[in-house]
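# An overview of the molecular structure
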Amino acid sequence: MNQHAKPSDLAISGPALQTLRDAAGAAVGAVPPVWPIASAVAVNPFLGQSDQSLTGTAALLGKVAGTRILPERAHYAKKIRSGEITSADLAQAAARAGIGDAATLAAAAERPAAAPIALPTLADLAAELTGIDVPALVTERIGALAAQHFDAGQAGWQLVAPSLYAAWRDTASVDRTYDIAGLAALRGAFAAAPATAETAMHDAARVLDLPDDAHTLYFHRLLMTVPGWAQYARGQRWIADQKGRDDGAAADLLAIRLMWEAALLDALPEVGALWAAARPAYSTGAAPSAEDRIDAALQDAADIAARRALASALAAPAAPAAAQSRPALQAAFCIDVRSEVFRRALEAQDSAVETLGFAGFFGIAIEHRPTASDTTEARCPVLLTPSVTTRSMVAACEADRAREVGQSQRAWERFRSSAVSCFAFVETAGPAFLGKLVRDSLGKPQSTCAAAAPAPEFDEALPDAARIDMAEAVLRAMSLTGTFAPLVLLAGHGAQVTNNPHAAALDCGACGGHSGEENARLLANLLNAPEVRAGLAERGLSVPDDTRFVAALHDTTTDAVTLFDAPNTPEVAQAQAWLEAAGSITRGERAARLPGAEAARLPARAGDWAEVRPEWALAGCSAFIAAPRGMTAGRDLTGRAFLHSYEWEADAARDYPVLELILTAPVVVASWISLQYFGSTAAPTLFGGGDKLLHNVVGGIGVVEGNGGDLRPGLPFQSVHDGSDFVHDPLRLTVAIAAPEAAITGILERHPEVRALFDNGWLALCTLDENGAVARVYAGDLAWSDSQPDLAHAA
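What comes next is a walk through the structure. (Residues numbered from 1 in each chain as written. Predicted model: local features only at pLDDT ≥ 70, side-chain atom pairs only at ≥ 80, totals over all residues. Heavy atoms only, no water.)

## Points about the overall build of the protein chain
Summing up its helical and strand segments, the protein chain has 31 helices and 17 strands in all. Expressed as a percentage of the 795 residues in the protein chain, the buried residues total 54%. Across the protein chain, contacts joining residues at least 24 apart in sequence account for 73% of those joining residues at least 6 apart. (Helix = DSSP H or I, 4+ residues; strand = E, 2+ residues; numbered from the N terminus. Buried < 20%, exposed > 50% of the residue type's maximum accessible area, 1.4 Å probe, protein only. Contact = heavy atoms within 4.5 Å.)

In structure tokens, the structure reads:
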């Protein structure tokens, strides 16, 4: 029991408290999660609003965050003037929204919309009354506390407390910052704070005198005053839930924010009248305005135009495929949009080359311990929980030395990058560090030893039956069940960069923000095992004796491909020649998009510590296609499409388990990626990562702009903007699947959370016919349309 607890702290119960608990849970659930930056993965910033429409979400976030979540109207006006959005697109969007005609929307696009105004908090009202920037003070002090509490080892000294709320309670009453700001009375109010976060929430809510129907919206509003830290706390709860643990950081953060509100009301009694006038607005909800509907209709028109362009690209005649009884090379890449460019270039080398697309963790959800490390990494989508543990082994005589070297390097890195000791580092190590500084300044590429890294192994040997089950599931999910080439590459991907806190965002999201070579090597070893091959043959999957699976790693910043454990054979030598040529073509295509880039210098940019745009990652993503490669091969999809190999005929006999997996996992992950880019582009102040030039790493878990304040959880400005204009076009993802609509409908019916993404317009869905052209369009509520209203006027 806390020594400061009072009897009343321990005896709260009743419907009023449960109402607050429910409201707090709903408010926390409305905030998207964010993972630590070292393993950052894309997150749908609108995850908590997937049960609402875009229009409703725009109204809600306008009320709780005071931020537009759609681009400025000039963005749409430019598309209309260029002809990218046609009158037919506008007419269809206007009809859907019920707001006039094409001319109405075109005229609205030329008229700037008023900025949304958030509902006032006590901090806002106190600022209005006193002239003190109270909201900034709240953000700064909570940010300083959260940075200390969540620190993952970067700080030289840490705040020790059993919870975030306890840490706040121990420090708030002695913090002299409030005195400097002219609000010394806050310390007295904080000194009387209840011992528990739940009691604090209850007491503050009683003081603020909000009706029951206002709590959820008000709590959400408070969390959005520190949105970055709220998202990080929400992410900690997500991780804890996956591991069967409790984490109360998000609730604690809400309780702290509530205590600030109550303390301001206590310290500034005259603000009470302003609060009484403002309070009823929280009971009225967040109904969309006419301006919200116009903005959403303009976005709808942009999405319609993009879907029309995609349909046109898919309907274009493809180059006839050469008759090929058995390919010389099959190469499976991640579905990541960057792979589309490389796959196209690789296939262009020879008609005997065939590529496939599959999620980059290759169906093996692992908790991996790297060489000589004491930490583990979840190398699988964050939607999944690792099913097995693995490690990269070295010889026993080398393990201790490797661990010592690694620990020394990490300690040295912390010393030279921390806020205080970095100055001492410059003074003491400057001369010795000169060579590295010059090399980095000139953008000399770093040497890598990925190819020499020890092969990963399962911590505990899996029984043969389990290994065969795993191999069969992966091959069927990849639609690799018929012809096998003599050489099959399993190519994960990663990004070679330096001095980039957001490096994980360039790595494989399907591998939990890590590179994919460990998963690829595990699968290659599994599929090469004779006992696994024998077991697969008994299940109707016969892999020829001369087929060799080889793991690879595609470096997306240099477009070099490293092979692992590859035999010295003519097939491997030929594959390496094809891969090198494909890399050269891909670098040429990518360099044309990167500011100031030359294809020959892309590897140097990867090693340049001053380079803020080593690559564009998934910027531009706008479509997800699950179909046989023959339907998309030869079509230039400009690095904007996730490509998943899928053949429904083979899946139908087993009642579509692969299709169900695609819709419930890769499609959802792709939607998270697409919507993260959407949010970071259209609403950068709320969901973007800010300016890389101003970033400071805090706690080893994220970045802030400047020396403190709110965490910046999204993609940096330089990841979506080239200095002149946005390179990512904020569009909602179009999902195109070559499968019977009845099979898709059945899966949506069984998975309401996935269906909600389509029914509420966060994703669009269509089927492809046997030629790869759009056939039917999902109209919502489990209905389909053959009139194709989005695509009828395709060029």
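## Brief notes about the packing of helix 27 (residues 657-664) against helix 30 (residues 741-750)
Packing of helix 27 against helix 30 leaves a shortest axis separation of 10 Å and a crossing angle of 55°. Accordingly, the angle class assigned to the pair helix 27 and helix 30 is oblique. Handedness of the helix 27/helix 30 crossing: right-handed. Seen from helix 27, the contacting residues are Leu659, Glu660 and Leu663; seen from helix 30, they are Ala743, Ile744, Ile747 and Arg750. Residues of the contact of helix 27 with helix 30, tallied by class, amount to five nonpolar, no polar and two charged. (Axes fitted to C-alpha atoms, helices over the stretch in contact; angles between N-to-C directions. Parallel < 35°, antiparallel > 145°, perpendicular 65-115°, else oblique. Left-handed = near helix turned anticlockwise from the far one by under 90°. Nonpolar A, V, L, I, M, F, W, Y, C, P; charged D, E, K, R; others polar.)

## A closer look at helix 6 (residues 122-130)
The complete set of buried residues in helix 6 reads Leu122, Ala123, Leu125, Ala126 and Ala127. For helix 6, the elements touching its buried residues are helix 7 (134-150), helix 11 (197-208), helix 12 (215-223), helix 14 (249-267) and helix 15 (272-278). At the exit of helix 6 stands Gly131, carrying a positive phi of roughly 80°.

## Focus on the environment of Asp247
Here Asp247 is to be found in the loop between helix 13 (227-242) and helix 14. A relative accessible area of 27% means that Asp247 is categorised as partly exposed. Spatially, the C-alpha atoms of Asp247 and Gln236 are 6.8 Å apart, while their sequence positions differ by 11 residues. Sequence-distant contacts of Asp247, that is, excluding residues within four places in its chain, are made with Ala233, Gln236, Arg237 and Ala240. In terms of polar contacts, Asp247 uses its side chain to reach the backbone amide nitrogen of Ala249, at 3.1 Å. (Polar contact = N/O pair within 3.5 Å; in protein donor to acceptor, adjacent residues only side chain to side chain.)

## Notes on the sheet that holds strand 5 (residues 388-392)
If you walk across this open sheet you meet the four strands as 4-3-5-6, and the pairing is mixed. Every interior strand has two partners, whereas the edge strands, strand 4 (377-379) and strand 6 (456-458), have only one. The sheet shows a mean angle of 35° between the axes of neighbouring strands, taken without regard to direction. The pairing of strand 3 (residues 366-369) with strand 4 spans three bridges and is antiparallel. Across the sheet, residue His368 finds its bridge partner in strand 4, namely Glu377. (Pairing = 2+ DSSP bridges.)

## Some points on the pairing of strand 16 (residues 774-780)
Relative to strand 16, strand 15 (residues 764-768) is paired through three bridges, and the arrangement is antiparallel. Looking at strand 16, one finds that Leu768 is bridged to Val774. The antiparallel pairing of strand 15 with strand 16 creates a hairpin that spans five residues between the two strands, and Gly772 there sits at a positive phi of about 90°. Here strand 16 pairs with strand 17 (residues 783-785) via three bridges, running antiparallel. Each bridged residue has a counterpart across the sheet, and for Gly780 the counterpart in strand 17 is Ala783. Where strand 16 folds back on strand 17, the antiparallel hairpin that results is connected by two residues, among which Asp781 adopts a positive phi of roughly 55°.

## Points about the sheet that holds strand 15
Strand order across the open sheet formed by six strands is 11-10-14-15-16-17, with mixed pairing between neighbours. Two strands bound the open sheet, and with one partner strand each, they are strand 11 (641-645) and strand 17. Sheet twist, expressed as the average angle between the axes of neighbouring strands with direction ignored, equals 25°. Judged from the five bridges that link them, strand 10 (residues 623-627) and strand 11 form a sheet pairing that is parallel. Bridging from a neighbouring strand, Ala623 pairs with Ala641 of strand 11. Here helix 30 sits on the sheet in contact with strand 14 (734-737), strand 15, strand 16 and strand 17, set at roughly 150° to strand 15.

## A few points about the pattern of salt bridges
Any two side chains of opposite charge can pair, given that their charged atoms come close. According to the stated counting rule, one finds 44 salt bridges in the structure shown. Between Asp203 and Arg206 there is a salt bridge; the shortest N-O distance is 3.3 Å. With a gap of three residues between them, Asp203 and Arg206 both fall in helix 11, about one helical turn apart. In this structure, Asp559 and Arg590 form a salt bridge, with 2.6 Å as the shortest nitrogen-oxygen distance. Remark: Arg590 occurs in helix 24 (residues 570-591) and Asp559 occurs in the loop between strand 8 (548-555) and strand 9 (561-564); sequence separation between them is 31 residues. Like Arg590, Asp559 is buried. (Salt bridge = Lys/Arg side-chain N within 4 Å of Asp/Glu carboxyl O.)

## Notes on the environment of Val134
Locating Val134 in the fold gives a position in helix 7. Ignoring any residue separated from it by four or fewer positions in sequence, one finds Val134 in contact with Ala123, Ala126, Ala127, Leu183 and Leu264.

## Side note on unusual backbone geometry
Positive phi, close to 55°, is recorded for Asp781, a residue that is not glycine. Residue placement: Asp781 occurs in the loop between strand 16 and strand 17. Residue class for Asp781 comes out exposed when judged on its relative accessible area of 59%. Here the phi dihedral of Leu782 falls at roughly 65°; this positive angle occurs in a residue that is not glycine.

## Describing the packing of helix 12 against helix 14
Close contact between helix 12 and helix 14 brings their axes to 9 Å; oriented N to C, the two are set at 95°. The orientation of helix 12 relative to helix 14 falls into the category roughly perpendicular. In this structure, helix 12 contributes Tyr218, Phe219, Leu222 and Leu223 to the contact, and helix 14 contributes Ala250, Leu253, Leu254, Arg257, Leu258 and Glu261. The residue makeup of the contact of helix 12 with helix 14, split by class, is eight nonpolar, no polar and two charged.

## So, the state of the cysteines
For the coordinates displayed, the defined rule picks out zero disulfides. Between Cys334, a free cysteine, and Cys508, which holds the nearest cysteine sulfur, the sulfur-to-sulfur gap is 4.2 Å. Taking relative accessible area as the criterion, Cys334 reaches 5% and is therefore assigned buried. Among the cysteines around Cys380, which has no disulfide bond, Cys511 carries the closest sulfur, lying 8.6 Å off. According to the relative accessible area criterion, Cys380 is buried, its value standing at 2%. (Disulfide = S-S within 2.5 Å.)

## Description of the side chain of Ser392
Turning to its location among the elements, Ser392 is positioned in strand 5. A relative accessible area of 7% places Ser392 in the buried class. When neighbours within four sequence positions are excluded, Ser392 is seen to be in contact with His368, Arg369, Pro370, Thr371, Pro454, Ala455, Pro456 and Glu518.

## Thoughts on helix 8 (residues 164-172)
Of all nine residues that make up helix 8, seven are buried, and the element is covered over most of its length. Looking only at helix 8, the buried set comprises Leu164, Tyr165, Ala166, Ala167, Trp168, Arg169 and Ala172. At its buried positions, helix 8 is contacted by helix 7, helix 9 (177-181), helix 10 (185-191), helix 11 and helix 14.

## Some thoughts on the pairing of strand 1 (residues 329-333)
The element strand 1 is extensively covered by neighbouring structure, given that five of its five residues are classed as buried. The alternating pattern of strand 1 places Leu329, Ala331 and Phe333 and Gln330 and Ala332 on opposite faces, both of which are buried. Looking at chain direction, strand 1 and strand 7 (residues 487-494) are connected through five bridges and run parallel. Among the inter-strand pairings, Ala332 is bridged to a residue of strand 7, identified as Leu490. With five bridges connecting them, strand 1 and strand 2 (residues 353-357) associate as parallel partners. Bridging across to strand 2, Ala332 finds its partner in Leu356. Crossover connection from strand 1 via helix 17 (residues 337-347) to parallel strand 2: handedness right-handed. (Right-handed = clockwise from strand over helix to strand, strands pointing away.)

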